[in-house]
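Chain and residue survey
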Amino acid sequence: ILNGGVHADNTVDLQEFMIMPVGAESFHDGLRMCVEVYQFLKIILKQEKLSTSVGDEGGFAPDLPDPHAVLSLIIRAVERAGYRPEEDICIAIDAAARELYDKEKDVYRFPGESQMKGETVLRTGKELVEYYKGLVDEFPIISIEDGLHEDDWDGWKHMTQELGERIQLVGDDLFVTNI
């Protein structure tokens with residue numbers, strides 16, 4: 001419902017923020033829940049004077065300082081739609097971290113966050129996992145896709161140790177596109 005990274009021309013570094021209607025009793029109910037949250041997100045963005053333009057995959061694409069700001073807006077939309085975060089609606093992220101990875105320096109660069117904060121934001125694989133862990137502690141995130149570059153084996157091991165029992169870890173780039 002909110003796009004960033006290479007799917008949008010904005011300052012959001014992570015590629016996709018999605019909602020999962022875990023409290024829905026049927027596909028029909030789940031679809032309705034998601035549409036309602038999406039429409040309330042649009043209302044909130046307009047009220048905050050943020051862009052309601054959409055990215056390549058149909059999610060809104062406003063300039064926001066970091067994932068914390070994105071997730072806070074999504075939670076507001078969930079609540080305004082009359083749903084309970086974690087019980088009715090959870091969040092999934094496709095970080096597309098391969099797009100952030102600087103192989104030469106073995107760090108992840110966050111250009112949008114850097115632009116918004118006025119200082120360069122770099123994270124090692126371990127620091128990125130700790131950042132995700134903080135987001136998972138604060139928000140009802142139950143899935144992170146491509147949280148690290150597909151060749152960051154130490155990072156994937158650390159992320160699996162830190163988050164693998166708590167949330168779904170999806171390695172699309174790791175298992176599908178990586179030969």
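Structure: above.
Computed from a predicted model, the values in this text were never measured in an experiment. (Residues numbered from 1 in each chain as written. Predicted model: local features only at pLDDT ≥ 70, side-chain atom pairs only at ≥ 80, totals over all residues. Heavy atoms only, no water.)

1. Digging into the state of the cysteines
Chemically, a disulfide is nothing more than a covalent bond linking the sulfur atoms of two cysteines. Going through the model one piece at a time under the given rule, you end up with zero disulfides. Cys34 takes part in no disulfide bond, and the closest cysteine sulfur to it belongs to Cys90, at a distance of 11 Å. Residue classification places Cys90 among the buried positions, given a relative accessible area of 3%. (Disulfide = S-S within 2.5 Å. Buried < 20%, exposed > 50% of the residue type's maximum accessible area, 1.4 Å probe, protein only.)

2. What about the sheet that holds strand β6 (residues 122-123)?
The strands making up a sheet associate through hydrogen bonds between their backbones, and the pairing can be parallel or antiparallel. Pairing within the open sheet is antiparallel, and its three strands lie in the order β4-β5-β6. What marks the edges here is a single partner per strand, and that holds for β4 (101-102) and β6. With two bridges joining them, strand β5 (residues 107-109) and β6 adopt antiparallel strand pairing. Paired with Arg109 across the strands is Leu122, a residue of β6. (Pairing = 2+ DSSP bridges. Helix = DSSP H or I, 4+ residues; strand = E, 2+ residues; numbered from the N terminus.)

3. A word on the packing of aromatic side chains
Counted according to the given criterion, the structure contains two aromatic pairs. A ring pair is formed by Tyr38 and Phe60, whose centres lie 4.4 Å apart and whose planes are at 20°; its orientation type is stacked. Pair noted here: Tyr38 is in helix α1 (residues 27-47) and Phe60 is in the loop between α1 and α2 (67-80), with a separation of 22 residues, a long-range link. A residue is classified by how much of its surface remains accessible, and Phe60, at 2% relative accessible area, is buried. A centroid spacing of 5.0 Å and a plane angle of 50° characterise the contact between Tyr101 and Tyr108, whose relative ring orientation is tilted. Like Tyr108, Tyr101 is buried. When the ring centre of Phe110 is taken as origin, the NZ or CZ atom of Arg123, which lies over that ring, is 4.5 Å away. (Phe/Tyr/Trp six-rings, centres within 6.5 Å; stacked < 30°, edge-to-face > 60°. Lys NZ or Arg CZ within 6 Å of the ring centre and 35° of its normal.)

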